[in-house]
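One letter stands for each residue in the lines below.
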Amino acid sequence: MTATQRAANLKLIPPEDVNTLGRSTDTRMNSSQKSYLDKSRDSLLSEDAPLRNATARLDPNFEPEMTHSMLSIDDIDFYDRNPRTGLNPRYDELRESIKVDGITNLLTVTKRPGTQVYMPYGGGNTRLAIAKALYAEGDMRFAKLFVMIKAWPGDASAISAHLVENEVRGDISFWEKAQGVAAFKTEFEFESGRILAAPELHQELRRKGLNYSIRVLQDFSFAVQKLAPIGVWLRSKEVNVLLRPAISSIADLAEKFGVIQSVETAITETLNSYSAFLSKQAAKNAESGIADHLPTELDANALIVELHEAVAPHLGVEPSQIPLMGMAIVQNPRIDVAALRETGTHAAHSPTARTTPATSPLSPLVQAPLAGMLSSVAKASPSPSVSAPATGAGPGPAPGPGPASSSPFPAAAPANEQAQASHGGEANLTHESMLKRILDSMGDLNALVPLYDVLNSAPALPFGYMVDFPMSMSHVDGVELDETTTTFRRALWKWLVSQSGQMNREVNDLISLEDDLLLWARTISQGPAVFQQTCASHKADLVDGEIALTSLELWHLFTHPLVAPALAKFMTALHTFRSKFPERIPTSYVPVMAPR
């Protein structure tokens, strides 16, 4: 093939001019040649033309997704929005491992557009800190790190990835999670232009691999907004069960009395003071030996007592009235200030009256149905609230003067009064008033035997309540109960569980499994073996899958001069409710742990 033919094949000259090439001395281009050159010139100037340099249009800042690289340790810094703010509790253990074996768990890094420094993605800040420390000590193995590079996904994704990694390892505090979720919400709303309510936030976090229930998200939000001064000392259950209900109740009272600003200031000053106290204790511990360490854990009950004392002058009431007034607002939102001031005045002047925080984690209708009821459990030296009759003996003696007798709740009504209540005016009772009667009767029981930590308002259940597993049957708020009180507490726990309906699968299915603060729901979800083991740990034996009361326990309950009338009042309230609202009671029964 001649050079002319090759040129034609390569389309460097028009095919029709091949035969004339070299035969003419005329250097002028004919129309065909001129058209061809114009087309070639246009194609070279076009943006769609093939590039002579393959890298001409590459963005030098482009980060290929999930590629490996070797980076100088000075080019990697800590993620500035890392939810974990404290030292990893496993730092020393990890340091020794990395010192011996190096970083065996590959670090994933990313960087914001327009910046030169990389940051860990999805965890790794502790590993980076250890590598930097060892490099500073002269270990040149960590001068460069082999990493996986991830394209920048935005701060919302970066924050959630760190939260997921820390959740998997289980070494992140409640406060760090609360701050992390708040930061994720802020960044997500900025990036997406959408405002996230709790349900939407729940869904977005689930998409990222974080399954926080809506209730927990609400606790996170409350902690960040209201409890920041004591954030580092917060624990999940204390926020949900004690602090959030108590402070919300105070806020409702402040609104009723028109003193919102002054009460909020008093709350903030009290929290700051408590934080300073704990910080001082922690500083002393850092300078002393373990044997001389002072307690630095948050005492939620003591803090709530301080809050009541701080806000009482602004409300013009006694501190002991505050939990009762809070309950009165929940039961009757239209109650006026004059009526509130009268609430609990007899308890306020009692020398043994004390305040106890609201404790109903499930209650949208009754946030504090059993507030102020742990009057029989003293902080320093617990005294028995009831006396158990000896086996084979008659009813035991009534309790002497003491905390139990000063309960702000009325004692159980005599039998003739109960009979009148059960027959008079029942046609006018509403669903809400009858549920209130049930809750009030449980308050009478709680005034004798501490139960507030296990009783929860649950409007979806037949009688509006459910009973949780206790953290301990013999201790309440860290106070050890005497043997007699523990005996009655266990018997009443079994009785109330049996009457609530929650041992019936159809009823139990109404209890939200999303509430991870409910030990009952969590235990049921883990199957029969775990359920039986948990019951056994509280000396609640199962017979054919049912929690069984012994004949001795029944005899104790129905022969005691104070417990028996209170229990009869409770049963009367259940019977009246059942008669008026039979549709609330399931007609079938399948044991909760029966095979499905």
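Scroll up for the structure.
Residues numbered from 1 in each chain as written. Predicted model: local features only at pLDDT ≥ 70, side-chain atom pairs only at ≥ 80, totals over all residues. Heavy atoms only, no water.

Draft legend 1. Structural detail: the overall build of the protein. Secondary structure assignment for the protein yields 22 helices and ten strands. Long-range contacts, defined here as pairs at least 24 residues apart, represent 73% of the contacts in the protein between residues at least 6 apart. (Helix = DSSP H or I, 4+ residues; strand = E, 2+ residues; numbered from the N terminus. Contact = heavy atoms within 4.5 Å.)

Draft legend 2. Structural context of the packing of helix α6 (residues 174-192) against helix α7 (residues 198-207). In the contact formed by α6 and α7, the axes pass within 11 Å of each other and the chain directions differ by 95°. Relative to α7, α6 is oriented roughly perpendicular. Residues V181, F184, K185 and F188 of α6 form the contact with α7, whose own contacting residues are L201, E204 and L205. A class-by-class count of the residues in the contact of α6 with α7 yields five nonpolar, no polar and two charged. (Axes fitted to C-alpha atoms, helices over the stretch in contact; angles between N-to-C directions. Parallel < 35°, antiparallel > 145°, perpendicular 65-115°, else oblique. Nonpolar A, V, L, I, M, F, W, Y, C, P; charged D, E, K, R; others polar.)

Draft legend 3. Highlighting the pattern of salt bridges. On inspection of all chains with the given rule, the structure shows 16 salt bridges. Of the charged contacts, one joins R207 and E204 as a salt bridge, the two residues approaching to 2.7 Å between their closest N and O atoms. Placement of the pair is R207 and E204 together in helix α7, with a separation of three residues, close to one helical turn. Judged by its relative accessible area of 11%, E204 is buried. The closest approach of N and O atoms between R235 and E238, which form a salt bridge, is 2.6 Å. Under the relative-accessibility criterion, R235 is labelled partly exposed at 35%. Overall, E238 belongs to the buried group, its relative accessible area being 13%. Several salt bridges share partner residues, and in doing so they unite D80, R112 and D155 into one network. (Salt bridge = Lys/Arg side-chain N within 4 Å of Asp/Glu carboxyl O. Buried < 20%, exposed > 50% of the residue type's maximum accessible area, 1.4 Å probe, protein only.)

Draft legend 4. Seen up close, helix α16 (residues 431-448). Helix length check: α16, at 18 residues, gives a terminal C-alpha distance of 27 Å against a target of 26 Å (1.5 Å per residue), a fit within 8%. Buried residues of α16: M434, L435, I438, L439, S441, M442, G443, D444, L445, N446, A447 and L448, and no others. At its buried positions, α16 is contacted by β5 (455-457), β6 (465-467), α17 (483-500) and α22 (563-580). (Expected span 1.5 Å × (residues − 1).)

Draft legend 5. Seen up close, α7. L201, H202, E204 and L205 are the residues of α7 that are buried. Of the surrounding secondary structure, the elements contacted by the buried residues of α7 are α6 and α8 (214-226). Following α7 by one or two positions, G209 has its phi on the positive side, about 100°.

Draft legend 6. Structural context of the pairing of strand β4 (residues 144-149). Judged from the six bridges that link them, strand β1 (residues 67-72) and β4 form a sheet pairing that is antiparallel. Among the inter-strand pairings, S69 is bridged to a residue of β4, identified as V147. (Pairing = 2+ DSSP bridges.)

Draft legend 7. Summary view of the side chain of T110. Along the polypeptide, T110 turns up in strand β2 (residues 107-110). Excluding residues that lie within four positions of it along the chain, T110 makes contacts with V117, Y118, M119, Y121, K150, A151, W152 and P153.

Draft legend 8. Seen up close, the packing of aromatic side chains. This model, assessed by the stated rule, comprises twelve aromatic pairs. Measuring from centroid to centroid gives 5.2 Å for Y212 and F220, while their planes differ by 85°, and the two rings are edge-to-face. Under the relative-accessibility criterion, Y212 is labelled buried at 8%. Taking relative accessible area as the criterion, F220 reaches 2% and is therefore assigned buried. Both rings, one in W520 and one in F531, keep their centres 5.4 Å apart while their planes meet at 90°; by these two values the pair is edge-to-face. Of the two residues, W520 sits in helix α19 (residues 519-525) while F531 sits in helix α20 (residues 528-537), which places them eleven residues apart along the sequence. Of the two residues examined, W520 and F531, each falls in the buried class. Three or more aromatic residues link up through ring pairs in this structure, and these residues are F469, W493, W520 and F531. (Phe/Tyr/Trp six-rings, centres within 6.5 Å; stacked < 30°, edge-to-face > 60°.)

Draft legend 9. Molecular detail of the sheet that holds β2. Strands sit in the order β1-β4-β2-β3 across an open sheet of four strands; the sheet is mixed. The sheet is open, and its two borders are formed by β1 and β3 (119-120), each paired with just one other strand.

Draft legend 10. How the structure looks around the environment of S320. Mapping S320 onto the fold places it in the loop between α11 (300-315) and α12 (322-331). Assessed through its relative accessible area of 12%, S320 is described here as buried. Spatially, the C-alpha atoms of S320 and H308 are 7.7 Å apart, while their sequence positions differ by twelve residues.

Draft legend 11. Examining the layout of surface pockets more closely. The space that makes up the second largest pocket amounts to roughly 480 Å³. What lines the second largest pocket is a set of 26 residues, among which N88, G124, N125, T126 and R127 lie closest to the centre. Mapped onto the lining of the second largest pocket, the elements with two or more residues apiece are α3 (91-101), α4 (125-136) and α5 (155-169). Across the lining of the second largest pocket, the residue classes break down as eight nonpolar, 13 polar and five charged. (1 Å grid on protein atoms, 1.4 Å probe; cavity = no way out; pocket = protein on both sides within 12 Å on 5 of 7 lines; lining within 4 Å. Points joined across faces, edges and corners; volume = space filled by probe spheres on them.)

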